[in-house]
Every structure is written in structure tokens, then in C-alpha cells.
Amino acid sequence: DRISDAAITDMRNNLDLTDEDFDLAKALEKKKRHDVMAHSEAFEVAAPAAKGITHLAATSEDIGSNTDLLLMREGLDLLLQKLANVIDGLATFADAHKKLATLGYTHLQTAQPTTVGKRAAMWLQDLVLCMEELEQKRASLRRLKGLKGATGTQAAMLELFDGDAEKVMEVERRFLEKIGGEG
């Protein structure tokens, strides 16, 4: 009852925020010292029919933690793709120079003869090990926090839905589906 169709329509129609919306959020954050509430209030200015409901039951912890996890996942995906490109390019370089002789160099002095390709292959080994570690970290971030509240009890969600745990679970399922994760 607290969430009207007009509020939902107004929010849907204002999902693409403008620079002015973000400027307002920045100004509100300076005043309030609370990033999530500042953005929530700025969104309510853009979608006035939603005033008072944009932060219902979703705690700042829900917003911040899920956002952090999404950003880490996306950052690792980008880094892994770029690292794969470097590995591919270096492998091509190593193959092209596998017979080109050079002196090795260690401890600030020349060492045994080797090839440029062999040196590049050794660098490749280090990069592949780094990639494996990043892939393990990325795999560990597959799960998002969901909507559990600051203490993990979902108390605010349960209050919003008058204790109906099934509705709470359905909202969380839809939320995770929308942001591309599992809880």
C-alpha cells in the first residue's frame, strides 16, 4: 500500500540520471555525509512520486556491499581480459624470437647465453601464474550479498512485508536476478 503505481512509474521513467542529478547528489552528500542517502534523495527529486520510498527496507549496507562486489567483479573481468591479451601478444613475440640469441642478465651482470624467446617465455610463466590467481579471486566473488540488511536479519524487509518471509525472498531473488548475481 505504501508503494503506489505512480511511484513505480515515476522511478522507471527516471532511471537515466542527468549530470544535474549527480551534482545534486554530490551537494547532498557534502551536507549529509552519507552517500547512499544523498543519492536516494537526489533520485526522489528526479522521481517525486517516489518520495519517501526509495530507501524502504534496503539498507546502505545492502547497496554499498553489493555495489562493491559488482565493481570488483567487473574490474577483475576487465583486468583478466587485458592480461589475456598481453599473454597472447607476448606468446607471439616469444615464438617469433625463439632463436634470437642474447646474453642473460642477473645480479647486475651478464650471465649465460639464452634466447629472447626463452626470456619472454619466462615472463609469460609469471603472467600466467598471476592470471590464475586473479581467476581464483574472480570465482570467489560470484556470490553477492543480497538484501540482508546491516546485520543480516532482513528485519527491515520483514517489517515492510508484514512478516511475510516468502515475499522477502521473492524480492531478494528478483533483485539478484536484475543485477546479475546469485545470493
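Before any of the text, the structure's been laid out above.
To start, this report covers the structure provided alongside it. All figures in this text were calculated on a predicted structure; none of them were measured in a lab.

**Considerations on the overall build of the chain**
So, point 1. When helices and strands are counted, the chain shows seven helices and two strands.
So, point 2. When its helices and strands are written in sequence order, the chain yields α-α-α-α-β-β-α-α-α.
So, point 3. Against the 2.2 N^0.38 benchmark of 16 Å for 183 residues, the chain shows a C-alpha radius of gyration of 25 Å, more extended than a compact globule.
So, point 4. Expressed along its principal axes, the backbone C-alpha trace of the chain runs to roughly 80 × 40 × 30 Å.
So, point 5. Of the roughly 12700 Å² that the chain leaves accessible, carbon and sulfur atoms contribute 55%.
So, point 6. Taking the 24 positively charged and 31 negatively charged side chains of the chain as two groups, their mean positions are separated by 5 Å.

**Digging into the environment of F161**
So, point 1. Turning to its location among the elements, F161 is positioned in the loop between α6 (155-160) and α7 (165-179).
So, point 2. As for F161 and K137, which are separated by 24 residues in sequence, their C-alpha atoms are 36 Å apart.
So, point 3. Not counting chain neighbours up to four residues away, the residues in contact with F161 comprise K167, V168 and V171.

**A word on the nonpolar core**
Across soluble globular proteins, you tend to see nonpolar side chains buried next to one another.
So, point 1. With eight residues, the main nonpolar core is built from L80, L83, I87, L90, A94, A120, L124 and M131.
So, point 2. The set of elements that each furnish at least two residues to this core consists of α4 (60-96) and α5 (116-140).
So, point 3. The greatest single-element share of this core, amounting to five residues, is contributed by α4.

**Comments concerning the pattern of salt bridges**
So, point 1. Applying the stated criterion across every chain yields a total of eight salt bridges.
So, point 2. The salt bridge partner of E41 is K32, with a shortest N-O separation of 3.1 Å.
So, point 3. Relative accessible area serves as the criterion here: at 25%, E41 is assigned to the partly exposed category.
So, point 4. Of the charged contacts, one joins D62 and K145 as a salt bridge, the two residues approaching to 3.1 Å between their closest N and O atoms. Of this pair, D62 sits in helix α4 while K145 is found in the loop between α5 and α6, placing the two residues 83 residues apart along the sequence.
So, point 5. Judged by its relative accessible area of 0%, D62 falls in the buried class.

**Concerning unusual backbone geometry**
So, point 1. Notably, Q154 is not glycine yet its phi reads approximately 60°, a positive angle.
So, point 2. Looking at Q154, the relative accessible area reads 12%, which means it is buried.
So, point 3. Even without being a glycine, D162 presents a positive backbone phi close to 50°.
So, point 4. With respect to the secondary-structure elements, D162 resides in the loop between α6 and α7.
So, point 5. Taking the relative accessible area as the measure of exposure, D162 reaches 74% and is therefore exposed.

**Looking at the pairing of strand β1 (residues 101-106)**
So, point 1. Two strands pair when backbone bridges link them, and β1 and strand β2 (residues 109-115) are joined in this way by five bridges, in the antiparallel orientation. When the sheet's bridge partners are listed, L103 is paired in β2 with P113.
So, point 2. Counting the residues in the hairpin turn of β1 and β2 gives two residues, including H107, whose phi is positive at 50°.

**Here we look at the packing of helix α2 (residues 19-32) against helix α3 (residues 35-46)**
So, point 1. One way to put it is that α2 packs onto α3 with a least axis distance of 8 Å and a crossing angle of 140°. Between α2 and α3, the interaxial angle falls into the category oblique. At the point where α2 passes α3, the crossing takes the right-handed sense. Judged by residue contacts, D21, F22, L24, A25, L28, E29 and K32 of α2 engage D35, A38, H39, E41, A42, V45 and A46 from α3.
So, point 2. The residue inventory of the contact of α2 with α3, partitioned by class, reads eight nonpolar, one polar and five charged.

Conventions adopted
Residues numbered from 1 in each chain as written. Predicted model: local features only at pLDDT ≥ 70, side-chain atom pairs only at ≥ 80, totals over all residues. Heavy atoms only, no water. Helix = DSSP H or I, 4+ residues; strand = E, 2+ residues; numbered from the N terminus. Rg over C-alpha atoms; globule rule 2.2 N^0.38 Å. Areas by Shrake-Rupley, 256 points an atom, 1.4 Å probe, with all protein chains shown as cover. Lys, Arg positive; Asp, Glu negative; His and termini not counted. Charge placed at Lys NZ, Arg CZ, Asp CG, Glu CD. Contact = heavy atoms within 4.5 Å. Core = buried A, V, L, I, M, F, W, Y, C linked by side-chain atoms within 4.5 Å. Buried < 20%, exposed > 50% of the residue type's maximum accessible area, 1.4 Å probe, protein only. Salt bridge = Lys/Arg side-chain N within 4 Å of Asp/Glu carboxyl O. Pairing = 2+ DSSP bridges. Axes fitted to C-alpha atoms, helices over the stretch in contact; angles between N-to-C directions. Parallel < 35°, antiparallel > 145°, perpendicular 65-115°, else oblique. Left-handed = near helix turned anticlockwise from the far one by under 90°. Nonpolar A, V, L, I, M, F, W, Y, C, P; charged D, E, K, R; others polar.

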